[in-house]
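Chain residues, written in single-letter form:
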Number of protein chains: 2
Amino acid sequence: MDKVLLILSHGSKAESITEITYKMRDSISAKNLYSDVKVAFMEFNSPSIPEAIADICKEGAAEIIALPMFLYKGNHILHDIPKELKKAREENPYVTIYMADPIGFDERIADILIERAEGALCQI
Amino acid sequence: MDKVLLILSHGSKAESITEITYKMRDSISAKNLYSDVKVAFMEFNSPSIPEAIADICKEGAAEIIALPMFLYKGNHILHDIPKELKKAREENPYVTIYMADPIGFDERIADILIERAEGALCQI
């Protein structure tokens, strides 16, 4: 195992969150771009970020790309997640960890949002 | 003014959040599908959801589609936002409010995530 992609998800007490995160993992994994694609949750769900990184390191990865499945650079991206990654880096000194940007603005998101606005609506 | 799209953003203490939300508003607005496209923030930034709805109602909208710019159905989507929308609905009885689904799983998000993982990386 060489370069592992680690999808970072916010986590939630609501069940649907893990389903979407694992669907995203399966979809990216099917493209065979990385030696493995794993997920970690910032809070509420497991594995946590340190747990996932420890597991990946046990399997002998040389490089981890931590990829935030977050829309924008809020405090989780600017502070909380880098802190967790740094801690994991110290505990696993033989692995190189990179962090990617979050989703950010993208026209494709605008397209999806319009589809949602035209889709099933719930009257309040 | 008739059917107004109201993009609901989480909000953050980090500045970049409002920039992305307004870019999304501009991009959707440019498609001329709605009589107006507005934004509201669940927390930290203004306008809040009740403030934005009060403003839209003052301008005479008959219908508002509240569109969550959120990735998944966490507790904000299941509980917090519907509660805010119901309160706004009671305060503005002449408007019809619909709530759309959040982004959810979509192959286009997987494509964007892969681009981010192949893009600028920060070594931890």
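Residues numbered from 1 in each chain as written. Chains lettered and ligands numbered in written order. Predicted model: local features only at pLDDT ≥ 70, side-chain atom pairs only at ≥ 80, totals over all residues. Heavy atoms only, no water.

A.B. asks: How would you explain the interface of chain A and chain B if you had to name every residue and give the values?
C.D. replies: Of the residues lining the interface, 59 residues belong to chain A; the matching set on chain B comes to 59 residues. Of the roughly 5,300 Å² buried where chain A meets chain B, counting both sides, 68% is carbon and sulfur surface. Counting across the chain A and chain B interface gives six salt bridges. A salt bridge links B:Asp111 to A:Lys31, with the shortest nitrogen-to-oxygen separation between them at 3.7 Å. Along the contact surface separating chain A from chain B lie 16 residue pairs in polar contact (both at pLDDT 80 or more). The set of elements that each furnish at least two residues to the side of chain A that touches chain B consists of strand S1 (3-9), helix H1 (16-29), strand S3 (63-68), helix H3 (75-91), strand S4 (96-100), helix H4 (107-118) and strand S5 (121-123) of chain A. No other element matches the 12 residues that H4(A) contributes to the side of chain A that touches chain B. In the side of chain A that touches chain B, the residues fall into 34 nonpolar, 11 polar and 14 charged. Taken together, the three bridges between S4(A) and strand S5 (residues 121-123) of chain B define a ladder with antiparallel strand orientation. (Contact = heavy atoms within 4.5 Å. Buried area = accessible area lost by both parts, 1.4 Å probe. Salt bridge = Lys/Arg side-chain N within 4 Å of Asp/Glu carboxyl O. Polar contact = N/O pair within 3.5 Å; in protein donor to acceptor, adjacent residues only side chain to side chain. Helix = DSSP H or I, 4+ residues; strand = E, 2+ residues; numbered from the N terminus. Nonpolar A, V, L, I, M, F, W, Y, C, P; charged D, E, K, R; others polar. Pairing = 2+ DSSP bridges.)

A.B. asks: Outline the packing of aromatic side chains, supporting the account with residue identities and numerical values.
C.D. replies: Residues and elements named next belong to chain A. As enumerated under the stated definition, the model contains two aromatic pairs over all chains in all. Measuring from centroid to centroid gives 6.2 Å for Tyr22 and Phe41, while their planes differ by 55°, and the two rings are tilted. Remark: Phe41 occurs in strand S2 (residues 36-41) and Tyr22 occurs in helix H1; sequence separation between them is 19 residues. By relative accessible area, Tyr22 is classed as partly exposed at 28%. (Phe/Tyr/Trp six-rings, centres within 6.5 Å; stacked < 30°, edge-to-face > 60°. Buried < 20%, exposed > 50% of the residue type's maximum accessible area, 1.4 Å probe, protein only.)

A.B. asks: Hey, could you go over the sheet that holds S2(A) for me, with residue numbers and the actual values?
C.D. replies: Within the open sheet, the five strands sit side by side as S2(A)-S1(A)-S3(A)-S4(A)-S5(B). Their pairing is mixed. With one partner strand each, in any of the chains shown, S2 of chain A together with S5 of chain B form the two edges of the open sheet. The sheet shows a mean angle of 30° between the axes of neighbouring strands, taken without regard to direction. With four bridges connecting them, S3(A) and S4(A) associate as parallel partners. Of the residues in S4(A), the one forming a bridge with A:Ala66 is A:Met99. Against the sheet, helix H4 (residues 107-118) of chain B engages S1, S3 and S4 of chain A together with S5 of chain B, with an angle of about 135° to S3(A). (Axes fitted to C-alpha atoms, helices over the stretch in contact; angles between N-to-C directions.)

A.B. asks: Give a detailed account of the sheet that holds strand S1 (residues 3-9) of chain B, specifying residues and quantitative values.
C.D. replies: Sheet architecture is open: five strands sit in the order S5(A)-S4(B)-S3(B)-S1(B)-S2(B), paired in mixed fashion. Looking along the sheet, the strands with just one partner apiece sit at the ends: S5 of chain A together with strand S2 (36-41) of chain B. Going from strand to strand, the sheet's axes swing by 30° on average, the running direction of each strand aside. As defined by bridge partners, S1(B) adjoins strand S3 (residues 63-68) of chain B across six bridges and the pair is classed as parallel. Paired with B:Leu5 across the bridge in S3(B) is B:Ile65. Where helix H1 (residues 16-29) of chain B meets the sheet, its contacts fall on S1 and S2 of chain B, and the angle it forms with S2(B) comes to roughly 160°.

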